[in-house]
Amino acid sequence: LYRKNIHPRVYISEDELPRFQEILRSAPGKKILAAMRESVKRQTTQAQKNTAKVGEPPALIGDSFTLAFFAFIDEDEQALEVVRHNLAVAEEVENNPAPDQQARHRIGASQAGHLAMAYDLVYHHLERKERLAFCRWAYESGIRKTLDALGPWYHHGAGANIPMNQLMNVIRILMSIDGD
C-alpha cells in the first residue's frame, strides 16, 4: 500500500467501497446513511455560516473524519469542501487560535491524526499542492513536535490519557501520510 502510494488505506480501501455502499442500501444501512446525511447537513450548514464571516480567523469545522468518510462513500461535494477547508487551514488555526478555542494542546498534537485519516479518504480529490502542504504540516506538527514534546516526559506517565492519545495521533498520521 505504501510503496504503491494507494489511498485510502487505513480504514477502508477503494476496493471495499462497492460492498460498503451495498450494505448502506440495505434497510439498516439506510437508517445509518440517513443519520450520517443529517449530521453532515448540520456540519456543512455550520461551515457555510463560518466561512461567511469576513475578517475572523479561520476555524476547523465539524468532524473532519465523518465528513471525509461521507464524502468518500456518498460522493458528497459539500462534505468534501469542508474537509478540504479543514486540511488547508489546520496550520493557520494552530498558529493563530481563536480566543474561544481550546488552547491546552496544539492541534498537531490533538487533532492532526483525525485530520490525517480524513486526508487518506479524500486524497484523490486533493490537488498535489494541497496534499504536500497538509503532509508537511502533519509531519512537522503532528509527528515531530509531538514526539519531541513527549520524549522527556513519556515514561513518567506513559499510560496516561494525554501521552497515549498523542502517541496514537502520531501513528494515525504516519499510517495516512507515509510516502506522500
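Just above, that's the structure.
Here's what I pulled together on the structure shown here. Since this is a predicted model, take the numbers as computed values, not measurements. (Residues numbered from 1 in each chain as written. Predicted model: local features only at pLDDT ≥ 70, side-chain atom pairs only at ≥ 80, totals over all residues. Heavy atoms only, no water.)

1. Here's the deal with the overall build of the protein
Point 1. The helix and strand inventory of the protein stands at eight helices and zero strands.
Point 2. When the helices and strands of the protein are read in sequence order from the N terminus, they spell out α-α-α-α-α-α-α-α.
Point 3. The long-range share in the protein, meaning contacts at least 24 apart out of those at least 6 apart in sequence, stands at 73%.
Point 4. A total accessible area of about 10,600 Å² is found for the protein, and carbon and sulfur atoms account for 54% of it. (Helix = DSSP H or I, 4+ residues; strand = E, 2+ residues; numbered from the N terminus. Contact = heavy atoms within 4.5 Å. Areas by Shrake-Rupley, 256 points an atom, 1.4 Å probe, with all protein chains shown as cover.)

2. Things to note about the pattern of salt bridges
Point 1. All told, the structure shown has seven salt bridges when counted by the stated rule.
Point 2. As a salt-bridge pair, Arg-42 and Glu-38 come within 3.9 Å of each other at their nearest N and O atoms. Taken together, the residues span about one helical turn, with Arg-42 and Glu-38 both in helix H2 (residues 27-51) at a distance of four residues.
Point 3. One salt bridge in this structure joins Arg-84 and Glu-130, with 2.5 Å as the shortest N-O distance. Placement of Arg-84 in helix H4 (residues 77-95) and of Glu-130 in helix H7 (residues 128-150) is noted, with a sequence separation of 46 residues between them.
Point 4. Look at Glu-130 and you get partly exposed, because its relative accessible area is 24%.
Point 5. Ionic contacts of the salt-bridge type, sharing partners, join the residues Glu-81, Arg-84 and Glu-130 into one network. (Salt bridge = Lys/Arg side-chain N within 4 Å of Asp/Glu carboxyl O. Buried < 20%, exposed > 50% of the residue type's maximum accessible area, 1.4 Å probe, protein only.)

3. Brief notes about the packing of H4 against H7
Point 1. Interaxial distance between H4 and H7 falls to 10 Å at its minimum, and their mutual angle equals 40 degrees. Considering their axes alone, H4 and H7 lie oblique with respect to each other. Between H4 and H7 the crossing geometry is left-handed. The residues of H7 that touch H4, namely those facing Arg-84, Leu-87, Ala-90, Glu-91 and Glu-94, are Glu-130, Phe-134, Trp-137 and Ser-141. (Axes fitted to C-alpha atoms, helices over the stretch in contact; angles between N-to-C directions. Parallel < 35°, antiparallel > 145°, perpendicular 65-115°, else oblique. Left-handed = near helix turned anticlockwise from the far one by under 90°.)

4. A short note on the side chain of Gln-43
Point 1. Along the chain, Gln-43 falls in helix H2.
Point 2. Using a relative accessible area of 12% as the deciding quantity, one classes Gln-43 as buried.

5. Quick word on the packing of H4 against helix H6 (residues 112-122)
Point 1. Interaxial distance between H4 and H6 falls to 10 Å at its minimum, and their mutual angle equals 130 degrees. Judged on the interaxial angle alone, H6 and H4 are oblique. The two elements H4 and H6 cross, and the hand of that crossing is left-handed. When H4 is examined against H6, the residues Leu-80, Val-83, Asn-86, Leu-87 and Ala-90 are found in contact with a partner set consisting of Leu-115, Ala-118, Tyr-119 and Val-122.

6. Some remarks on the packing of aromatic side chains
To describe a pair of aromatic rings, you give the distance between the ring centres and the angle between the ring planes.
Point 1. Applying the stated criterion to the full structure yields six aromatic pairs.
Point 2. Considering the side-chain rings of Tyr-119 and Tyr-123, the 5.8 Å spacing of their centres and the 90 degrees angle between planes classify their relative orientation as edge-to-face. The pair formed by Tyr-119 and Tyr-123 is uniform in burial state, with each residue classed as buried.
Point 3. Considering the side-chain rings of Phe-134 and Trp-137, the 5.8 Å spacing of their centres and the 50 degrees angle between planes classify their relative orientation as tilted. Linking Phe-134 with Trp-137, this pair stays in helix H7, spanning three residues, or about one helical turn. Each of the two residues, Phe-134 as well as Trp-137, counts as buried.
Point 4. Cluster of aromatic residues (ring-pair linked, three or more members): Tyr-11, Phe-20, Phe-65 and Phe-69. (Phe/Tyr/Trp six-rings, centres within 6.5 Å; stacked < 30°, edge-to-face > 60°.)

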